[in-house]
Each structure stands twice: as C-alpha cells, then as structure tokens.
Amino acid sequence: MTPNFIPFALPDIGEEEINEVIDTLRSGWLTTGPKTRLFEQQFAEFIGVKHALAVNSGTAALHLGLEAVGIQAGDKVATTPYTFTATAEVIRYLGADPVFVDIDPRTFNIDVNQLANVLASTDRIKAIIPVHIAGQSCDMDGILKLAKEYDIKVIEDAAHALPTYYKEKLIGTLGDVTAYSFYATKPLATGEGGMLVTPHDDYAERFKIMRLHGINRDVFKRESTPQPSWYYEVVAPGFKYNMSDIMAALGIQQLHKVEQSLHRRATIAARYDASFSDLPLQRPYRDENSSHAWHLYIIQLNLAELTLNRDQFIEALKQRGIGASVHFIPLHIQPYWRDRYGFQPHDFPYALETYQRSLSLPIYPTLSEQDVSYIISTVQDICHEAAR
Ligand SMILES: *Cc1c(COP(=O)(O)O)cnc(C)c1O
C-alpha cells in the first residue's frame, strides 16, 4: 500500500502555536514587542547564554554577527563550501570575501586540519563561520584553538543545531556569536526568523542597534524612559531585521517542544540506522564528541554498487510517494561563487563527492511510525532492485 505523498519536511504546528498567535493578533501588538522579548528571554535561558536577540531570518543573524565583530570590505572569512549560500553571502554583504575550506568527508563539517593550513597561508582572515551540518557539531576545540592562535572571531552557523551538545556544552555557549534560523523547515520553525546569541555585552548592544535602522535605543526602552516616547537617535545605517511578535508567538510555543521534537527525530534516525545497515549506502557518521540534532538524515549512496545515480534514486523515491532532498549543492560549483573566484569542481573534492552521492530523507516529528516504515521498506526495495 502506498500512503499519500510524504513530503520531505513539514513543520509541527499544534493548537498551542495557533492559540499563541491568536492571542498576539488580539493583543494589538504585531511588531517587535512583549512576545519577542519573552521569546528572547526564554531562548537565552534555554541555551544558557547571557544575550539572545531575535531577528527576522538566520541570514540576518549571520550578517549582524559578522558586522558586530567588525568584518569590513577587503577582509576574509573562512567557511565551508558545503552549506547553504546564506552562510557565505553575508560575507559579501560586508564587502569581504569567503575563503572556502573543504570538509571532513565523515561529518561533512569543515576540516580543521585544512583550516589550520589555510589560516597559516592566507592574510586578512578575520573570522571563521563553522556550520554544524545536519545538527552535528564541528570540531569546536580545534576551531576555538585556531581562533585564539590567530586572534580571529568565531561566528557559528547553528541553523541545524538546536539543540546540539559538543562535549557536554550546548552549541550557543562556545563561539563569540551563534546564529540560529527559524525558517519553516528548521528544528524550531517560525516561518521566517532567526536568533543571535552571545556572551558579549558590546556585540549584543550592536545587534540591537543594527537590527532596527541603527536606532540607538530599542522599542521597549523608548516606551519606558523619561525622554519623550517619540524621541530616538540614528547612530548608524542599520537594517530592518527585527522579529515581529507574530513570529515570536510561534517561537515561544515551538521552544517548549524542542526537546520532545528532537527525541522524535532521534527515534526515527535510530530506526533508519538499524534498517539500512546491509544496504549499498553509508549511514550518517556519529561523532563521539557531539550529540546530533537530526535536522537532516543524510545518506550517501555507494554508486559503484547501484545502477541508479543519486538523481535517479531521488526520482524513484518520488515515484513511490516520498519527498527527498539534497544538502548541499556545494557553493564552489554555483555560478556566482564559481565565476567570482574561478573555482574548479575538484578544488574541494570532498564537498564535491559528498554532494554527488548524498540525499536527505524525511525526518520530522509529525512522521508517523507507518510513514517511517514505508520510507524504510521503499529505500530497501529501491536498493535491491538497483543492485549491480
Ligand atoms: C537555513 C539556513 C540558513 C539561513 O537561514 P534563513 O532563516 O533561511 O535565513 C543559513 N545557514 C544554513 C546552514 C541554513 O541551513
């Protein structure tokens, strides 16, 4: 029996989220206000970090993170080509250039040995953006050690890593700045949205100013100081990156579910792992230094043992009612990045090979046990039919 089409991703929106949004709509406060402040407080508490500042996307969070640590035109920022373009485009927003470093083919995260070589041989690298791919932490000891040695800042892209522990410490408590995305498919979803966390008062102050037009006092303080409420000062050409209370209402309720949602995803990952052991594919590698947030379940096909390539495998899943996706098309083969820096596909061989072999299977809390069983038996069937 083929069930109805199982999409690649679906948010988990229940009555709690719906009621919180209705409450916001009835409150008369639609833009940044009390719900945003509450969401920030609860998020900071959840991570265990001094400051959490909400913005309207993960991309905005990364941009403000780089801006606050002082990245300027002509600077360079080290990051991975195996990510979504947002990670690198924010470097260009500031007139700086990314320096790509290939991945560790087991974890798909930036390879710290190659990062060390790049730092030793490249001038003007002022920051590193590690990306915790799929929800598994980068080698943060290695990255933080290099950052200290070269006196450069670490802005973590934690779009997939809510929550992820690196050696007992929660991601968000390690780098100078950590950026989260609350895009519709992410572990915590507000449709669009993001969060910046930092232990540093000066960065937090800068985020507040730059997320709202360079205005030097945020909307809450303006209502409560003895100065007239209409008064404000513009101190920089800031951005329009503030979160609305409607998004924050979703965030407050989604945050309550974060652990439960991870538990469900981890259960699905364990079923996949147990069922795929004899197939011509590689299951996700488990790094002993990291927990896994299971934002993505990425399998790598052993192409020499199959008559189908990756694209055909995804098509076969689709024909049988299952949505799959690819994470990621490496940036160095995308036209903009390729042409601007003159990259060849094999400049980052591990990123390229991983891309050619990989696909991501559905993994989200609203998948039923039956859905998971159907996905497992379908992957097994396709592998057997396509065995060489
Ligand atoms: C989703 C994502 C982003 C961007 O987040 P938005 O909220 O969509 O702006 C950045 N980096 C990675 C790795 C992502 O997956």
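Computed from a predicted structure; not experimentally measured.

Novice: When you look at the UniProt feature "active site" (unreviewed entry) in the chain in this model, what are you seeing that I'm missing?
Specialist: According to UniProt, the positions carrying the feature "active site" (unreviewed entry) are K186. Considering the arrangement of structural elements, one finds K186 in the loop between β8 (177-181) and β9 (194-198). On the basis of relative accessible area, K186 is assigned to the buried category, the value being 18%. Apart from the residues within four sequence positions on either side, K186 is in contact with A159, H160, S181 and H295.

Novice: Would you take a moment to explain the sheet that holds strand β10 (residues 281-282) for this structure?
Specialist: Across a sheet, strands are paired by hydrogen bonds formed along the backbone, either parallel or antiparallel in direction. Spatial ordering of the open sheet is given by β10-β11-β12, a layout of three strands whose pairing is antiparallel. Only two strands of the sheet have a single neighbouring strand rather than two, namely β10 and β12 (358-361). Of the strand pairs in this sheet, β10 and strand β11 (residues 297-301) are connected by two bridges, and their pairing is antiparallel. Bridge pairing in β11 links Q282 to Q300. Where helix α11 (residues 310-319) meets the sheet, it contacts β11 and β12, and its direction lies at approximately 20° from that of β12.

Novice: Help me out: how do you make sense of the domain arrangement of the chain in this one?
Specialist: In many reports, interface size means the accessible area that the parts give up when they come together. As assigned here, the chain comprises domain 1 (15-256) and domain 2 (258-385). Computed over C-alpha atoms only, the centres of domain 1 and domain 2 are separated by 26 Å. Facing 41 residues of domain 1, the contacting portion of domain 2 comprises 36 residues. Contact between domain 1 and domain 2 buries roughly 3300 Å² in total, counting both sides, with carbon and sulfur atoms accounting for 61%. In terms of surface lost to domain 2, no three residues of domain 1 exceed Y82, F100 and Q136, which account for 20% of the buried area on that side. Summed over the shared surface of domain 1 and domain 2, the result is one salt bridge. A salt bridge links D97 to R340; the shortest N-O distance between them is 2.9 Å. The interface formed by domain 1 and domain 2 holds 20 residue pairs in polar contact (both at pLDDT 80 or more) in total.

Novice: I keep staring at the pattern of salt bridges and nothing clicks. Help me out?
Specialist: Working definition: two side chains of opposite charge can pair if their charged atoms are close together. Counting across every chain of the model gives 20 salt bridges. Between E20 and K35 there is a salt bridge; the shortest N-O distance is 2.9 Å. Of the two residues, E20 sits in helix α1 (residues 15-27) while K35 sits in helix α2 (residues 34-47), which places them 15 residues apart along the sequence. Across the pair K35 and D23 runs a salt bridge whose closest N-O atoms are separated by 2.5 Å. With a gap of 12 residues between them, K35 in helix α2 and D23 in helix α1 connect regions that are remote in the sequence. Accessibility expressed as a relative area gives 12% for K35, which makes it buried.

Novice: Looking at this structure, I do not really get the sheet that holds strand β3 (residues 97-100). What am I missing?
Specialist: Taking strand neighbours across the sheet as the criterion, the seven strands line up as β1-β9-β8-β5-β4-β2-β3 in an open arrangement whose pairing is mixed. The two strands at the open ends of the sheet, each matched to only one other strand, are β1 (51-55) and β3. With strand direction ignored, the average angle separating the axes of adjacent strands in the sheet is 25°. The pairing of β1 with β9 spans five bridges and is antiparallel. Residue pairing in the sheet places H51 in a bridge with T198 of β9. On the sheet, helix α4 (residues 85-93) packs against β2 (76-79), β3, β4 (125-129) and β5 (153-157) and is oriented at approximately 140° with respect to β3.

Criteria and thresholds
Residues numbered from 1 in each chain as written. Predicted model: local features only at pLDDT ≥ 70, side-chain atom pairs only at ≥ 80, totals over all residues. Heavy atoms only, no water. UniProt positions renumbered as here; feature names shortened; annotations may be inferred. Helix = DSSP H or I, 4+ residues; strand = E, 2+ residues; numbered from the N terminus. Buried < 20%, exposed > 50% of the residue type's maximum accessible area, 1.4 Å probe, protein only. Contact = heavy atoms within 4.5 Å. Pairing = 2+ DSSP bridges. Axes fitted to C-alpha atoms, helices over the stretch in contact; angles between N-to-C directions. Domains from an automatic or database assignment. Buried area = accessible area lost by both parts, 1.4 Å probe. Salt bridge = Lys/Arg side-chain N within 4 Å of Asp/Glu carboxyl O. Polar contact = N/O pair within 3.5 Å; in protein donor to acceptor, adjacent residues only side chain to side chain.

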